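Each chain, letter by letter, is given below.
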Amino acid sequence: MLIIGLTGSIATGKSTVSSILSAPPYSLPIVDADLLARKVVEPGTPGYKAIVNYFGPTTPDLLAGDATAHGQPLNRPALGRRVFGDTEERKRDRQVLNRIIHPAVRWEINKALVSHYVRGQWAVVLDVPLLFESGMDLICGTVIVVGVRDPAVQMARLRARDAHLTAEDAENRVRSQGDVRHKAAQAEFRGTTSARGVVVWNDADRTELERAVQEAMTSIAASSPRWWAWTLLIAPPVGVGIAAWNLMVNFATQKGWEKKEREDKARL
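Residues numbered from 1 in each chain as written. Predicted model: local features only at pLDDT ≥ 70, side-chain atom pairs only at ≥ 80, totals over all residues. Heavy atoms only, no water.

The protein appears in an unreviewed UniProt entry as Dephospho-CoA kinase from Penicillium capsulatum.

Novice: Please set out the overall build of the protein residue by residue, giving values where relevant.
Specialist: Looking only at helices and strands, the protein has 12 helices and five strands in total. Here the protein has a C-alpha radius of gyration of 20 Å; the compact-globule value for 268 residues is 18 Å, and the two agree. Its C-alpha atoms give the protein principal-axis dimensions of about 55 × 45 × 40 Å. When burial is assessed residue by residue, the protein has 44% of its 268 residues classed as buried. For the protein, restricting intrachain contacts to residue pairs at least 6 apart in sequence, the fraction spanning at least 24 positions comes to 72%. By element, 58% of the accessible surface of the protein is carried by carbon and sulfur atoms, the whole surface being about 14,100 Å². (Helix = DSSP H or I, 4+ residues; strand = E, 2+ residues; numbered from the N terminus. Rg over C-alpha atoms; globule rule 2.2 N^0.38 Å. Buried < 20%, exposed > 50% of the residue type's maximum accessible area, 1.4 Å probe, protein only. Contact = heavy atoms within 4.5 Å. Areas by Shrake-Rupley, 256 points an atom, 1.4 Å probe, with all protein chains shown as cover.)

Novice: Please set out the pairing of strand β1 (residues 2-8) residue by residue, giving values where relevant.
Specialist: Counting buried residues along β1, seven of its seven residues qualify, which places the element largely inside the surrounding structure. Of the two faces of β1, the one carrying Leu2, Ile4, Leu6 and Gly8 and the one carrying Ile3, Gly5 and Thr7 are both buried. In this sheet, strand β3 (residues 123-127) lies alongside β1 in parallel orientation, the contact comprising five bridges. Counted as the bridge partner of Leu6 is Asp127 from β3. Of the pairings in the sheet, the one linking β1 to strand β4 (residues 142-147) comprises five bridges and is parallel in character. (Pairing = 2+ DSSP bridges.)

Novice: Before we move on, could you go through the side chain of Lys14 and cite the residues and values that matter?
Specialist: Relative to the assigned elements, Lys14 resides in helix α1 (residues 14-22). Setting aside chain neighbours within four positions, we find Lys14 in contact with Leu6, Thr7, Gly8, Asp34, Asp127, Pro129 and Val146.

Novice: Residues and numbers for the packing of helix α9 (residues 180-190) against helix α12 (residues 236-267), please.
Specialist: Running from amino to carboxyl end, α9 crosses α12 at an angle of 130 degrees, the nearest separation of the two axes being 10 Å. What the angle tells us is that α9 and α12 run oblique. Here α9 and α12 pass one another in a crossing that is right-handed. Residue-level contacts link His182, Ala185, Gln186, Phe189 and Arg190 of α9 to Asn250, Thr253, Gly256, Trp257, Lys260 and Glu261 of α12. (Axes fitted to C-alpha atoms, helices over the stretch in contact; angles between N-to-C directions. Parallel < 35°, antiparallel > 145°, perpendicular 65-115°, else oblique. Left-handed = near helix turned anticlockwise from the far one by under 90°.)

Novice: Residues and numbers for the nonpolar core, please.
Specialist: One finds Ile51, Ile101, Val105, Ile109 and Leu126 to be the most contacted residues of the largest nonpolar core, which totals 36 residues. Elements supplying a minimum of two residues to this core: α2 (33-39), α3 (46-55), α4 (76-83), α5 (88-118), β3, α6 (131-134), β4 and α9. Other than its neighbours up to four places away in sequence, Leu126 contacts Ile3, Ile4, Gly5, Leu6, Val31, Ile109, Met136, Ile139 and Cys140. Among the nonpolar cores identified, the runner-up in size contains 23 residues, and Leu2, Ile4, Ala195 and Val198 belong to it. (Core = buried A, V, L, I, M, F, W, Y, C linked by side-chain atoms within 4.5 Å.)

Novice: Summarise the sheet that holds strand β2 (residues 30-32); cite the residues concerned and give the values.
Specialist: Spatially, the five strands line up as an open sheet ordered β2-β3-β1-β4-β5, and their pairing is parallel. This sheet does not close on itself; its edge strands, each paired only once, are β2 and β5 (197-201). Neighbour-to-neighbour, the strand axes of this sheet turn through a mean angle of 20 degrees, independent of strand direction. Here α1 sits on the sheet in contact with β1, β2, β3 and β4, set at roughly 150 degrees to β1. Seen against the sheet, helix α10 (residues 206-223) touches β1, β4 and β5 and runs at an angle of roughly 170 degrees to β5.

Novice: Which residues make up the UniProt feature "transmembrane region" (unreviewed entry) in the protein, and what values go with them?
Specialist: In this structure's numbering, the residues bearing the UniProt feature "transmembrane region" (unreviewed entry) are residues 227-252. Between the end C-alpha atoms of residues 227-252 there is a gap of 27 Å, over a span that is 96% helix and 0% strand. (UniProt positions renumbered as here; feature names shortened; annotations may be inferred.)

Novice: Kindly report on the pattern of salt bridges, identifying the contributing residues and their values.
Specialist: The tally for this structure, following the rule as stated, stands at 15 salt bridges. Residue Arg82 is joined to Asp93 by a salt bridge in which the shortest nitrogen-to-oxygen separation is 2.8 Å. Of this pair, Arg82 sits in helix α4 while Asp93 sits in helix α5, and the two are 11 residues apart along the sequence. For the pair Arg82 and Asp93, one class covers both residues: buried. For the salt bridge of Lys91 with Glu88, the shortest nitrogen-to-oxygen distance reads 4.0 Å. On the criterion of helical spacing, the pair formed by Lys91 and Glu88 is a turn pair, its members being three residues apart in helix α5. Residue Glu88 is classed as exposed on the basis of its relative accessible area, which comes to 60%. (Salt bridge = Lys/Arg side-chain N within 4 Å of Asp/Glu carboxyl O.)

Novice: Would you mind going over the packing of aromatic side chains in detail, with residue names and values included?
Specialist: Applying the stated criterion across every chain, the model contains two aromatic pairs. Between the aromatic rings of Tyr54 and Phe55, the centroid separation amounts to 4.7 Å while the plane-to-plane angle is 80 degrees, which identifies the pairing as edge-to-face. On the basis of relative accessible area, Tyr54 is assigned to the partly exposed category, the value being 34%. (Phe/Tyr/Trp six-rings, centres within 6.5 Å; stacked < 30°, edge-to-face > 60°.)

Next comes the structure, spelled out in structure tokens:
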């Protein structure tokens, strides 16, 4: 089974691409890390309790509704204001939040991937905003980055989508997920001719986006045909071997990217 990592930055159109891939003619199953991140912090979960214990004493509006009532859901905008930004305090709080959420989300992702594998799926889309940052690109056969070339377009889309955000809030959220053009370069470094890294630019309308997605999927399907997925399912030892080989290739590629970044910085 081919794992297609889907990533981008906030308000670049990643969710739209996910919805396109989940519908005909692709009809691919989607493992959405954002949805799983909400699931693992629902009231009563260990993640919820850890967040309330850490952030609650200093964030009066952390819980939605009556903060004194038992089991109130998290006030996500309030939590976002605590963790998004460039100050050292916000970076520290964001790291704490990630340490609470990420292990639980990884466990849910692994369960979902195994489930789709045993069902004989040709491919599954792993939708993770911080795919590279979390290291989950290592398990992906290919990575699609959805990006925009103009940061102003990204900011405008974010504020149009989330009207409650101030300009400062929007800028903090964009910065917290990194420059999407950097992610695009990292995807292309994986290999464009082999379709191991694909960039879908979303600076225009939905029609142009759908055309770009079609081109990307045609390239990906050519490099990993459906009969190959069935072969790996029928012969599990072969599947395990290919998965290990893919992991090694991605690890070597990651090290090559890190070396390139160090050399680029040294030349500045």
